[in-house]
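Chain and residue survey
Given next are the chains, with one letter for each unit.
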Amino acid sequence: MEPLLHQKPQRPTLAILTYSDETRVFRGNKENFVDLIRVGEERGVTVYVVTTADFKLTDQTMLGYSYNFQTKSWKRGQQPLPHVVYNRIPYRKFELLPDVQQIIQTCMRHGQIRFFNPSFFNKWTLFEWLNKSKETQTFIPTTQKLTSGDDLEQLLQKHSNLYLKPVKGKAGKGIMKVSRLSDKQAKSRKYQLSIQEKTKSHISRYTNVPQLWTQIRQMVGSKDYIMQQGIALSNYKQRPFDLRVLVQKNSKGLWTVAGVGARLAGKSSITTHVPRGGSIDDPSKLLEAGFGSLTSKKILNRTKQTALILAKQIEKASGTSLGEMSLDLGVDTTGQIWFFEANSKPMKFDEPHIRRRSLDNLIRYCIHLSKLSPRKEVRSAVRAKKKAAN
């Protein structure tokens, strides 16, 4: 059955799309959803949560969840069809289900609904996208697919430290570090493998690469992994740190930096992820300790510019509409900036000033999207295609 034409309500309407299962009414960060509903109310935008099970465009309304701030409770009821759908399906396994994919494709093809951030990023694909542009190539550490012990050995000859990362990983889970030790460090065992556990890492040493590869293959199993050049990151009190940049589109649909946070590695952790023992800190303080006040300000400005360049290229190469992403960027001991990862569904930033701005940006961007004329968009797309053909 064809979806009915969208009868636009007076207020812009945003539906937060998530998933429901047997254990809870809907998945995702409910606190995040409540904050977005509150800011929407302040800005005159109707915001509600809809699950993939209830998402239907064959009527003038759909079932969704509104939040009552007086009773602090969720209420399921009929909601106006949305102008904008914000994809917050929390896990890849849910997003890849056939019925969920059908909803995403319907939203992307729909003439009157704006839908952004259609899927999680794949680490390997991200590096392929960024390698397509000379402007973004310079920020990428050497990155290859992890396929064999021979490939691992060759890359270890070029770089004494490598990080092994799951292509579809999240929050630092499954990351390993491989090091080629110096003769003084090594004695008889030349290679070291650090496996990230909850808040610390398990370390083992091996005489040769075949022994090391046997252990890695056992840990990796059937999952796809990449291997990546280890960067000598700037550190604070002998603990490395990286920068987390939140980039979002604003009320004009342009990429902006909502804020920059810093994540300091735990004492016995190989990553800076908070669930793995890392901690939140102030980027200016950490950078100033290593580079001084003036240089640290310049590095922070370059970090913001770099994040915008990367976000634009990721969106362009993806061929889809994106509205936000978080980027993990490293600053090495010489002040050079490196790209490590991007997340199309950023977790909530705990820094209050970034948090406030991120919610405001999302609502303002949704207002912008709700005003776009589908016909104008179609006409401009047709013109662009004709121009490209000529």
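Everything numeric here is computed off the predicted structure, so don't read it as measured data. (Residues numbered from 1 in each chain as written. Predicted model: local features only at pLDDT ≥ 70, side-chain atom pairs only at ≥ 80, totals over all residues. Heavy atoms only, no water.)

A word on the packing of aromatic side chains
Under the defined criterion, the tally for this structure stands at 11 aromatic pairs. With a centroid separation of 5.0 Å and an interplanar angle of 65 degrees, the aromatic rings of tyrosine 67 and tryptophan 74 are classed as edge-to-face. The exposure class assigned to tyrosine 67 is buried, which follows from its relative accessible area of 17%. For the pair tyrosine 86 and phenylalanine 116, a centre-to-centre distance of 5.3 Å together with 20 degrees between the ring planes defines the contact as stacked. Of the two residues, tyrosine 86 sits in strand E5 (residues 84-87) while phenylalanine 116 sits in strand E6 (residues 114-116), which places them 30 residues apart along the sequence. Here phenylalanine 116 falls in the buried class, since its relative accessible area comes to 0%. Among the aromatic side chains, those forming a connected cluster through ring pairs are Phe26, Phe33, Tyr65, Tyr67, Phe69 and Trp74. (Phe/Tyr/Trp six-rings, centres within 6.5 Å; stacked < 30°, edge-to-face > 60°. Buried < 20%, exposed > 50% of the residue type's maximum accessible area, 1.4 Å probe, protein only. Helix = DSSP H or I, 4+ residues; strand = E, 2+ residues; numbered from the N terminus.)

Considerations on the environment of proline 141
The residue proline 141 is located in the loop between helix H5 (134-137) and strand E7 (143-145) in this model. Between the alpha carbons of proline 141 and glutamine 229 there is a distance of 5.6 Å; along the sequence they are 88 residues apart. For proline 141, the contacting residues outside a window of four places in its chain are Phe127, Gln228, Gln229, Ile231, Trp338, Phe339 and Phe340. (Contact = heavy atoms within 4.5 Å.)

Observations concerning helix H8 (residues 209-220)
With 12 residues, H8 extends 16 Å from end C-alpha to end C-alpha; this agrees with the ideal 16 Å at 1.5 Å per step. Of the positions making up H8, those classed as buried are Val209, Leu212, Trp213, Ile216 and Val220. With its buried residues spanning 95 degrees around the axis, H8 presents them on a single face. The exposed residues of H8 that point more than 90 degrees off its buried face are Pro210 and Gln218. Downstream of H8 by a residue or two, glycine 221 has a phi angle that is positive, lying close to 60 degrees. (Expected span 1.5 Å × (residues − 1). Arc of directions from axis to C-beta.)

Things to note about the side chain of lysine 345
Assignment of secondary structure puts lysine 345 in the loop between strand E18 (337-343) and helix H11 (352-371). A distance of 3.4 Å separates the side chain of lysine 345 from the side chain of asparagine 87, its partner in a polar contact. Engagement of the side chain of lysine 345 in a polar contact is seen with the backbone oxygen of isoleucine 89, the distance being 2.7 Å. Setting aside residues up to four positions removed in sequence, lysine 345 forms contacts with Asn87, Arg88, Ile89, Glu95 and Phe120. (Polar contact = N/O pair within 3.5 Å; in protein donor to acceptor, adjacent residues only side chain to side chain.)

Examining the nonpolar core
Membership of the largest hydrophobic core comes to 35 residues, with the highest contact counts inside it found for Ile314, Met325, Leu327 and Phe339. Elements with a contribution of two residues or more to this core: helix H4 (123-131), strand E14 (239-249), strand E15 (255-264), helix H9 (283-291), helix H10 (293-318), strand E17 (324-331) and E18. Here the element with the most residues in this core is H10; it accounts for six residues. Excluding residues that lie within four positions of it along the chain, leucine 327 makes contacts with Leu243, Arg244, Val245, Val247, Ala307, Leu310, Ile314, Phe339, Glu341 and Ala342. (Core = buried A, V, L, I, M, F, W, Y, C linked by side-chain atoms within 4.5 Å.)

Some details on unusual backbone geometry
Of note in the backbone geometry, asparagine 117 takes a positive phi value of approximately 55 degrees without being a glycine. Mapped onto the elements, asparagine 117 comes out in the loop between E6 and H4. A positive phi is found at lysine 237, a non-glycine position, where the angle reads about 50 degrees. Assignment of secondary structure puts lysine 237 in the loop between strand E13 (235-236) and E14.

Overview of the pairing of E15
For E15, a buried count of eight out of 10 residues is recorded, marking the element as mostly surrounded by other parts of the structure. Looking at chain direction, E14 and E15 are connected through nine bridges and run antiparallel. Directly across from valine 247, in E15, lies its bridge partner valine 257. Direction of pairing for E15 relative to strand E16 (residues 279-281): antiparallel, over a ladder of three bridges. Among the inter-strand pairings, alanine 262 is bridged to a residue of E16, identified as aspartate 281. (Pairing = 2+ DSSP bridges.)

Things to note about the confidence of the model for the protein chain
Per-chain confidence: the protein chain averages 86 in pLDDT, with 85% of residues scoring 70 or above. Ignoring residues within four places in sequence, the model shows residues 1-5, a span with pLDDT below 50, making 10 contacts including any to other chains. Below a pLDDT of 50 lies the segment residues 374-382, which in the model reaches five contacts outside its immediate sequence neighbourhood of four places, other chains included. (pLDDT = per-residue confidence, 0-100.)

Some thoughts on helix H1 (residues 30-43)
With 14 residues, H1 should cover 20 Å at 1.5 Å per step; its first-to-last C-alpha distance of 20 Å lies within 8% of that length. Of the surrounding elements, those touching the buried residues of H1 are strand E1 (13-18), strand E2 (46-51), strand E3 (61-68), strand E4 (73-80), E5 and H11. Of the residues one or two after H1, glycine 44 is the one with positive phi, at around 75 degrees.

Notes on the pattern of salt bridges
Counting across every chain of the model gives 17 salt bridges. The closest approach of N and O atoms between arginine 88 and glutamate 324, which form a salt bridge, is 3.6 Å. With a gap of 236 residues between them, arginine 88 in the loop between E5 and helix H2 (92-95) and glutamate 324 in strand E17 connect regions that are remote in the sequence. Here the two residues arginine 88 and glutamate 324 agree in accessibility, since each one is buried. A salt bridge links lysine 249 to glutamate 315, with the shortest nitrogen-to-oxygen separation between them at 2.6 Å. One end of the pair, lysine 249, is in strand E14; the other, glutamate 315, is in helix H10, with 66 residues separating them in the sequence. The burial state of lysine 249 is the same as that of glutamate 315; both residues are buried. One continuous salt-bridge network, built from bridges that share partners, spans Asp35, Arg38, Glu42 and Arg355. (Salt bridge = Lys/Arg side-chain N within 4 Å of Asp/Glu carboxyl O.)

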